[in-house]
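Architecture at a glance
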Amino acid sequence: MLGQLSVADALAERGISRREFLNFCGTMVAILALPPRYVAQVVTALERTTRPVLVWLEFQDCAGNTESMLRSSHPPVAEVVLELLSWEYHETIMAGAGKQAEAVLKRVVEEDAGKYIVIVEGAIPTADGGVYCTIGGRTALDIATEVCRKAAASIAVGACAWDGGLVRSNPNPTGAVGLQEAVPGLKVVNLGGCPHNVANTAAVLVHYLTFHEMPALDQYNRPLFAYGQIIHDQCERRAHYDAGRFVEEWGDEGSRKGWCLYKMGCKGPDATYNCPTVRWNGGTSWPVKAGHGCIACASNRFWDKMSPFYKPLPNVPGFGADVTAEKIGWGLVGTVGALTAAHAVGSVIRAKKKKEESERPPKFSWER
């Protein structure tokens, strides 16, 4: 089977240079927010591991996550498909169809039970027995239950697979839910976003292959490395927000100068994702840089909770959209003074603490 081929052997067969492989590993470590010293560990793990078998299930969705994967250049989808994984089943891109395709999925589930990885795209309908999404005569609920329960790991990509997404939005006639609700008890990694960012998906797989476990997750089972920071705090337009410079209408002077999009409904202050740093299109841009406000597509139930998308968020911390430049100026004077005083007090405390620590006997520690 293809899954028996090591990553190192696959790299050699495909003519991937050592430099290209090391660059890929370095990129994954950076996205995972790990110290650079982990690059060597990732390299060793990927070279020695046997390529895991992966199946991709697609249910109620727009195929946007598949399209995002196919159009990825960072890393290229071919790098993931041909070198890192043995991609056995994906209805959109596989050559087989009909009974031949279903036979592949059945073989993987039976022969590689407990070893393969499954990625789920799209919501899973539960109303009326799940009849609103069927593949080969079987409901999405039935397929997901069988395939995911026998997998080594399950990853839900995109908003729909995570929490139902657009399909679940009010009034939700099909009873659509995300994977973790449709199949309770699964250990699922949710990669929310509409669509998911392929760089994050690749990073999760690399973490799993390197450390034999999924990365640290938040309360929504999303990886902290990708969803642990507020978008507003990472945004290149943040300085304009703090200075009170806002786009007032599409195409105005502020829009041309790249001012803050808060007044246009940007949900960045209430959303977490690494869009501003990982970006899209080979790391070149992301929605806010391109001139459109964040709609919080990686947030829980964003279709219902964050709409209307062009209405400003209420009570955003900071100076706010209605503060005049004059008030901001005087506010900054007071703030800087307060921060200076606080810094001075902190310096005294740190100096005292440092002196006390220097007088203590040394302690020994072990680093694993």
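Residues numbered from 1 in each chain as written. Predicted model: local features only at pLDDT ≥ 70, side-chain atom pairs only at ≥ 80, totals over all residues. Heavy atoms only, no water.

Time to look at the pattern of salt bridges. Any two side chains of opposite charge can pair if their charged atoms end up close together. If you walk through the whole model with that rule in mind, you get 14 salt bridges. Between Arg 222 and Asp 218 there is a salt bridge, and its shortest N-O distance comes to 2.8 Å. Its relative accessible area of 5% is what places Arg 222 among the buried residues. Between Arg 279 and Glu 236 there is a salt bridge, with the nearest N and O atoms lying 3.9 Å from each other. Pair noted here: Arg 279 is in the loop between α16 (275-278) and α17 (287-290) and Glu 236 is in the loop between α13 (231-234) and α14 (238-243), with a separation of 43 residues, a long-range link. Through salt bridges that share partners, Arg 138, Asp 142 and Glu 146 make up one connected network. (Salt bridge = Lys/Arg side-chain N within 4 Å of Asp/Glu carboxyl O. Buried < 20%, exposed > 50% of the residue type's maximum accessible area, 1.4 Å probe, protein only. Helix = DSSP H or I, 4+ residues; strand = E, 2+ residues; numbered from the N terminus.)

Attention now goes to the nonpolar core. Core analysis: the biggest nonpolar cluster contains 57 residues, and Leu 46, Leu 54 and Ile 155 have the highest contact counts within it. The dominant element in this core, judged by the number of residues it contributes, is helix α11 (residues 198-211), at 9 residues. With residues near it in sequence (within four places) discarded, Ile 155 still touches Ile 117, Val 118, Ile 119, Val 120, Val 189, Leu 191, Val 204, Leu 205 and Met 214. One finds Val 104, Val 118, Val 120 and Ala 140 within the second-largest nonpolar core, a separate group that totals 31 residues. (Core = buried A, V, L, I, M, F, W, Y, C linked by side-chain atoms within 4.5 Å. Contact = heavy atoms within 4.5 Å.)

Contact pair helix α2 (residues 18-31) / helix α3 (residues 38-48): the axes reach a minimum separation of 9 Å and the direction vectors enclose 120°. Accordingly, the angle class assigned to the pair α2 and α3 is oblique. Both α2 and α3 take part in a crossing whose hand is right-handed. Between α2, through Arg 18, Phe 21, Leu 22, Phe 24, Cys 25, Gly 26 and Val 29, and α3, the contact on the second element is made entirely by Tyr 38, Val 39, Val 42, Val 43, Leu 46 and Glu 47. (Axes fitted to C-alpha atoms, helices over the stretch in contact; angles between N-to-C directions. Parallel < 35°, antiparallel > 145°, perpendicular 65-115°, else oblique. Left-handed = near helix turned anticlockwise from the far one by under 90°.)

Summed over all chains, the structure comprises 2 cavities of 30 Å³ or more. Reported here for the largest cavity is a volume of approximately 100 Å³. When contributions to the lining of the largest cavity are tallied by element, the ones reaching two or more residues are α13 and α14. Taken together, the residues of the lining of the largest cavity sort by class into 10 nonpolar, 2 polar and 2 charged. (1 Å grid on protein atoms, 1.4 Å probe; cavity = no way out; pocket = protein on both sides within 12 Å on 5 of 7 lines; lining within 4 Å. Points joined across faces, edges and corners; volume = space filled by probe spheres on them. Nonpolar A, V, L, I, M, F, W, Y, C, P; charged D, E, K, R; others polar.)

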